[in-house]
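Take a look at the letters that make up each chain.
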Amino acid sequence: MRICIVYNAHPTGCSFYRLEMPNAYLGDNYTEFDYVCVDNIANVKDEDLKTVDVWLFNRLWCQGTLEQIRGVYKALTAFGAKVILDLDDYWVLESGHIMYRHYLDTKLDEQIREHIRLADHVTTTTEHLAQKIRLLNKAVTILPNEPYEAYQQYLPDTNAEPEPHLFKIGWFGGAQHQEDIALVEHSFSLLAHDKSLDGRYKIYLGGWNDGNAVYDDYERMLSCRGLNKNYGRIQAADIYSYVGGYNFINATIAPLRDTKFNRLKSELKVVEAGWMGKAIIASETIPYTDIIVHGHNGLLIPYGKKDAWYKAVRKFVNEPDYAKGLAMQLSKDVRERFDITKTAERRAELYRSIGRKL
């Protein structure tokens, strides 16, 4: 079976987790699948269309009018191939999202809806998002985000940890989380002024990007406007190495506003923390509450409790063995629940069932 992965934007977190990595596993372990990749369907020739059994796309196969979207779908399937569309985020953005204006101006939400309706099958990350997709297309399969250790960044390096005498807390993320980071600003101001903890911990901003105003704002909130001397940066890295930043910390934070859009996100931050053996402090909201049980494998912070992040970090700094115990349990839970070998079999079965029958 010939499967064509179309990378409209690559490398990004979406293209890596949703297209490249899971299909790399299948390519390495299932000889029945023959993969080809393109970065633009406009470059696909008519004779190439005849050879493809399944097309894979993340979010959309083209931008344009609804008629253009339908026309491209018709061309892709003209010789019997099927189209699988993957979605890992809700297509209706909130006003605080960095891409909100772009979606509004281009009516991208309407375009994505049409893609969902037309697709022969849709894959997604969680049952929460699947419920929204089923309103437009009943053919949905849930395939969660899972690490594949053939990618070396997912092999924890216990020898890489700097400053072992400090308890290190980090945040990792892209440029669309200012409103989420704002949830911890008050607590991190309290942390900066707690002199009893000085010299015993470090706060790291992961993904630091010089010259990016968003990361300047992250730094302002996490470092209490530069007042916290227990603050540091982990430089931005590409999609194939950024997870290695977890080797420099003991615990991570995952603040997330309790909104409709966020409740339809994947639990990726928890998966990465657990995979790398790190403790986590997260907002008490879906999708994190699907995995984290407070006091069992992590700490959950109720929405609106401004001091709670400070208290949770202070507890970890004062009781590092407690944090380590939570980290060990989270690692166990994540590795049992997010098993790429089991998900790969479901993915393979989907391809077999939908692929062109010769």
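Refer to the structure presented above.
A. Molecular detail of the overall build of the protein. Each helix and strand in the protein was counted, giving 14 helices and 12 strands. For 358 residues, the compact-globule estimate of 2.2 N^0.38 gives 21 Å, and the protein sits close to it at 22 Å. For the protein, the proportion of its 358 residues judged to be buried stands at 52%. If you take every contact in the protein between residues at least 6 apart in sequence, the share linking residues at least 24 apart comes to 76%.

B. Structural view of the environment of Q152. Note on placement: Q152 falls in the loop between β6 (140–142) and β7 (167–172). Between the C-alpha atoms of Q152 and M276, which are 124 residues apart in sequence, the distance is 12 Å.

C. Region of the structure containing the sheet that holds β6. Overall, parallel pairing links the six strands, which are arranged β2-β1-β3-β4-β5-β6 in an open sheet. Every other strand in the sheet has two partners, leaving β2 (34–38) and β6 as the edge strands with one partner each. Put simply, the sheet's adjacent strands are angled 25° from each other on average, direction ignored. Strand direction decides the pairing type here: strand β1 (residues 2–6) and strand β3 (residues 54–58), joined by three bridges, are parallel. Bridging from a neighbouring strand, C4 pairs with W55 of β3.

D. Expanded view of the pattern of salt bridges. Tallying each qualifying case throughout the model produces 25 salt bridges. Between E94 and R257 there is a salt bridge; the shortest N-O distance is 3.8 Å. With E94 in the loop between β4 (82–87) and α4 (100–106) and R257 in the loop between β10 (251–254) and α10 (260–263), this residue pair connects regions lying 163 residues apart in the sequence. E94 sits in the partly exposed class, given a relative accessible area of 23%. For R257, a relative accessible area of 18% corresponds to the buried category. In this structure, the salt-bridge partner of E345 is R352, at a minimum N-O distance of 3.2 Å. Using a relative accessible area of 34% as the deciding quantity, one classes E345 as partly exposed. The partly exposed category is assigned to R352, whose relative accessible area is 27%. It is possible to trace a salt-bridge network through shared partners that takes in E32, E345, E349 and R352.

E. The sheet that holds strand β9 (residues 231–235), seen in detail. If you trace the six strands from one edge of the open sheet to the other, you get β9-β8-β7-β10-β11-β12, paired in parallel fashion. One side of each edge strand has no neighbouring strand; the edge strands of this open sheet are β9 and β12 (299–301). Between one strand axis and the next, the sheet turns through 25° on average, direction left out of account. Alignment of β7 against β10, held across two bridges, turns out to be parallel. Residue pairing in the sheet places I169 in a bridge with A251 of β10. In the packing of helix α11 (residues 268–275) onto the sheet, the strands contacted are β7, β10 and β11 (279–283), and the crossing angle to β11 comes to about 165°. In the packing of helix α13 (residues 320–337) onto the sheet, contacts are made with β7, β11 and β12, and the angle to β11 comes to roughly 80°.

F. Representation of the pairing of strand β8 (residues 201–208). Of all eight residues in β8, eight are buried; the element is thus mostly enclosed. Two elements, β7 and β8, share six bridges in a ladder whose sense is parallel. Residue pairing for β8: W171 is matched across the bridge by L205. Note: β8 against β9, five bridges, orientation parallel. Within the sheet, the bridge partner assigned to I203 lies in β9 and is Y231. Regarding topology, helix α9 (residues 213–222) serves as the crossover connection from β8 to the parallel β9, and that connection is right-handed.

The rules behind the values
Residues numbered from 1 in each chain as written. Predicted model: local features only at pLDDT ≥ 70, side-chain atom pairs only at ≥ 80, totals over all residues. Heavy atoms only, no water. Helix = DSSP H or I, 4+ residues; strand = E, 2+ residues; numbered from the N terminus. Rg over C-alpha atoms; globule rule 2.2 N^0.38 Å. Buried < 20%, exposed > 50% of the residue type's maximum accessible area, 1.4 Å probe, protein only. Contact = heavy atoms within 4.5 Å. Pairing = 2+ DSSP bridges. Axes fitted to C-alpha atoms, helices over the stretch in contact; angles between N-to-C directions. Salt bridge = Lys/Arg side-chain N within 4 Å of Asp/Glu carboxyl O. Right-handed = clockwise from strand over helix to strand, strands pointing away.

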